Amino acid sequence: MGIDLHTEQTLVEMLMNRSALMGDKLALAFFSNGETLDQSLSYRQLDQRARAIAVSLMDRGLHGRRVLLLYPSGLEYLAAFFGCLYAGVVAVPVYPPQMGKQMLRIQAIIQDSQSELFLTDRRIYDNLVQNLPEFMAATAGKWMFTEDTDPGQAGLWQMPGLSGDSLAFLQYTSGSTGLPKGVMVSHGNLLNNERIVRVAYSHDEHSDFAGWLPLYHDMGLIGNVLQPLFLGSTSYLFSPMSFIQKPVRWLQLISRYRAHTSGAPNFAYDLCVQKVSEAEKATLDLSSWKVAYNGAEPVRAHTLRNFAAAFASCGFQPQQLFPCYGMAEATLFVAGGPKGRDLVITPVNREALQQDQIVFEPEGSPDAQELVGCGPVWGDHRVRIVNPETFEALPDAVVGEIWLQGPSVCQGYWNRPELSDETFRARLAGEDEGPFLRTGDLGFLRAGELYITGRLKDLIIIRGRNHYPQDIELTVAQSHPVLHAGSGAAFPLDVDGEERLVVIQEIDPGLFRTADPEEIFMAVRKAVTLGHELQLHEIVLVKRRTVPKTSSGKIQRRASKQQYLDGELQTEASWKAQPA
């Protein structure tokens, strides 16, 4: 490429270098419906747009201040994001504004970040004026339309004073309860993470990307946009809604543009297996897809096998699958790969795992639960598995909380010093090591391979045994065709001093019309009893797309429980156990 990727200190320096070296090369392309190209930017065009927007921000004296970004999926958002960076402004990307509870979240982020200006486009602005007049009246004078920026301003731009420690943006975590927390992501964090992704994924300037993940979220922004820009390659993008409406669009984009890297959470691979027809497969060539990363939610062995088998006829091989692990507090990528290796799937005893013990089982054992290895930790990062109560380091093959240390670990949560100390500056008992990031995730190491077993705070403990809600949710979804995969929430409920299990599950409306609810409830109860030796207290079947999820598609179990307790569920049918 002609650029030393290890000397750049900021994303501004990065984009300026790419623009100088490969100015007319296509950097970003956006497909409005997942099929029709309607927006594109070369490296030079993105650099010039960023400069022009930055001048408008600098004229307002916003250096070092926070600015909210409210955009639909598209390249205007990315131009605004880089405009903030070029102005030395801290960008605050948020979930595209929608009515109701999402607006409450946006208002909480505005208050927490103390954002002084809101960047958007006219369509979003007009929609907010029509639907939220009180909010718009209270924020009058704080709005800026980046689409109106004068391109001629680019020549007036001056480099702001920035270093690797300068904040680039606040990534607000999509937590299920409480106020959202802004992870402080620096330029140095981002460039370090892009370097280790490049090595782990075996990327170069020819490694083109394709994807639909939300651009305001770390996996979409850092993974699908900043990495290809770092490499000097091209990223082909479309919206999450276009993917959900027609999943084959994702694979068609990869096939048409010969993408090297693309990925998504586990549910997306299941959706492709379910929804892509044999006739559509006949039109696909997925042989260029060398890194099919799978992260952000539990990676399922059967999902990986099913996807590889379903698309083998399209030139897809199991070695292209790339299970990985990461989190916003560590910028993005932590563990995975390396590229091109065979899947690492380890059977362990299901009963022992419920006691946080690892007992290895032979392949095919009826008592086994398969765990997918998420690879080694990369770069100058170190991972330790720790007892979350005593803070003592644990040996290999013992489940504990995953603690992480290294240059991709962020500075903390914005304006939350106590929570930052608790989460980002943990130390091992009796040792001088640290500080470590407490991830809140449970897992273990085996011969350098990281395995994820669950989430510390989402554990369901009934009769002294640990149950991971995602495992119960999977069992429920697979128990009857009417139930929609990846759209259920399992949580414990205190009933007369005893923990009982409640499941909320979305249904397929078309299939539900002709189904017998009692037959569905019986199938769910039988599956949970056989699979987990648990009896259900209540099953609630709800309308499609009503189970709360984060912006990255993770189930919000505590928010689901609160809706249940508040009687706010959009219930289609329910079953409740009779008192003993």
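Each remark here, short or long, concerns the structure printed above.
First, a word on what this report is: a plain description of the structure on this page.

Parameters and conventions
- Residues numbered from 1 in each chain as written.
- Predicted model: local features only at pLDDT ≥ 70, side-chain atom pairs only at ≥ 80, totals over all residues.
- Heavy atoms only, no water.
- Helix = DSSP H or I, 4+ residues; strand = E, 2+ residues; numbered from the N terminus.
- Rg over C-alpha atoms; globule rule 2.2 N^0.38 Å.
- Buried < 20%, exposed > 50% of the residue type's maximum accessible area, 1.4 Å probe, protein only.
- Contact = heavy atoms within 4.5 Å.
- Areas by Shrake-Rupley, 256 points an atom, 1.4 Å probe, with all protein chains shown as cover.
- Core = buried A, V, L, I, M, F, W, Y, C linked by side-chain atoms within 4.5 Å.
- Pairing = 2+ DSSP bridges.
- Salt bridge = Lys/Arg side-chain N within 4 Å of Asp/Glu carboxyl O.
- Phe/Tyr/Trp six-rings, centres within 6.5 Å; stacked < 30°, edge-to-face > 60°.
- Lys NZ or Arg CZ within 6 Å of the ring centre and 35° of its normal.
- Axes fitted to C-alpha atoms, helices over the stretch in contact; angles between N-to-C directions.
- Parallel < 35°, antiparallel > 145°, perpendicular 65-115°, else oblique.
- Left-handed = near helix turned anticlockwise from the far one by under 90°.
- Nonpolar A, V, L, I, M, F, W, Y, C, P; charged D, E, K, R; others polar.

Section: the overall build of the protein
- Counting its secondary structure elements, the protein contains 19 helices and 26 strands.
- Here the C-alpha atoms of the protein give a radius of gyration of 24 Å, agreeing with the 25 Å that 2.2 N^0.38 yields for 580 residues.
- Considering only C-alpha atoms, the protein reaches an extent of 75 × 55 × 55 Å along its principal axes.
- Put simply, the protein has 580 residues, and 59% of those count as buried.
- Restricting to contacts in the protein with at least 6 residues of sequence separation, those with at least 24 account for 72%.
- For the protein, the computed accessible surface area is about 23,300 Å², with 48% contributed by carbon and sulfur atoms.

Regarding the nonpolar core
- Formed by 122 residues in total, the largest nonpolar core has its most connected members in F82, W250, L251 and F311.
- Residue contributions to this core peak at 10 residues, all from helix 3 (residues 75-86).
- Other than its neighbours up to four places away in sequence, F82 contacts L11, M14, L15, L46, A50, L226 and L229.
- Membership of the second largest hydrophobic core comes to 21 residues, among which are L483, L536, L541 and W575.

Structural notes on the pairing of strand 8 (residues 182-186)
- Taken across its 5 residues, strand 8 has 5 buried, putting it largely inside the fold.
- Alternating residues of strand 8 divide into G182, M184 and S186 and V183 and V185, and every residue in both groups is buried.
- Bridge analysis of strand 7 (residues 167-172) against strand 8 gives 5 bridges, and the strand direction is antiparallel. Its bridge partner being in strand 8, F169 is matched across the sheet by V185.

Focus: unusual backbone geometry
- Put simply, G337 and P338 share a cis peptide bond, and its omega is 5°.
- As for its position among the elements, P338 is in the loop between strand 14 (333-336) and strand 15 (345-349).
- The omega torsion of the bond from G434 to P435 falls at 0°, within 30 degrees of zero and hence cis.
- Unlike most non-glycine residues, A447 shows phi in positive territory, near 55°.
- Of note, the phi angle at E533 is positive, near 55°, even though the residue is not glycine.
- Here E533 shows up in the loop between helix 18 (517-532) and strand 25 (536-542).

Here we look at the pattern of salt bridges
- The final tally for this structure, using the stated rule, is 22 salt bridges.
- Residue D441 pairs with R455 through a salt bridge whose shortest N-O separation is 3.0 Å. Residue D441 is located in strand 19 (residues 437-446), and its partner R455 is located in strand 20 (residues 449-455); the two are separated by 14 residues in the primary sequence.
- D441 gets classed as buried once you look at its relative accessible area, which sits at 12%.
- Linked through salt bridges whose partners overlap, the residues forming this network are E35, K246 and R249.

A short note on the pairing of strand 20
- Of all 7 residues in strand 20, 5 are buried; the element is thus mostly enclosed.
- Taken together, the 6 bridges between strand 19 and strand 20 define a ladder with antiparallel strand orientation. Bridge assignment links L442 to a residue of strand 20, and that residue is G454.
- In this structure, the hairpin formed by strand 19 and strand 20 is closed by a connection of 2 residues, where A447 is found at a positive phi of approximately 55°.

Topic: the packing of aromatic side chains
- With the rule as written, the count across this model stands at 34 aromatic pairs.
- Between the aromatic rings of W289 and F316, the centroid separation amounts to 5.3 Å while the plane-to-plane angle is 65°, which identifies the pairing as edge-to-face. Here F316 lies in the loop between helix 13 (301-310) and strand 13 (321-326) and W289 lies in the loop between helix 12 (278-281) and strand 12 (291-294), a separation of 27 residues in the sequence.
- On the basis of relative accessibility, which here comes to 2%, the residue F316 falls in the buried class.
- Chaining the aromatic ring pairs together yields one cluster made of W212, F243, W250, F267, Y269, W289, F307, F311 and F316.
- When the ring centre of Y413 is taken as origin, the NZ or CZ atom of K181, which lies over that ring, is 5.4 Å away.
- Positioned above the aromatic ring of F267, the side-chain terminus of K549 is 5.8 Å from the ring centre.

Focus: the packing of helix 2 (residues 43-59) against helix 3
- Relative to each other, helix 2 and helix 3 sit at 60°, their axes nearing to 7 Å. Overall, the two elements helix 2 and helix 3 adopt an arrangement that is oblique. The handedness of the crossing between helix 2 and helix 3 is right-handed. Residue-level contacts link L46, D47, R49, A50, R51, I53, A54, L57 and M58 of helix 2 to E76, L78, A79, A80, F82, G83, C84 and Y86 of helix 3.
- The residue inventory of the contact of helix 2 with helix 3, partitioned by class, reads 12 nonpolar, 1 polar and 4 charged.

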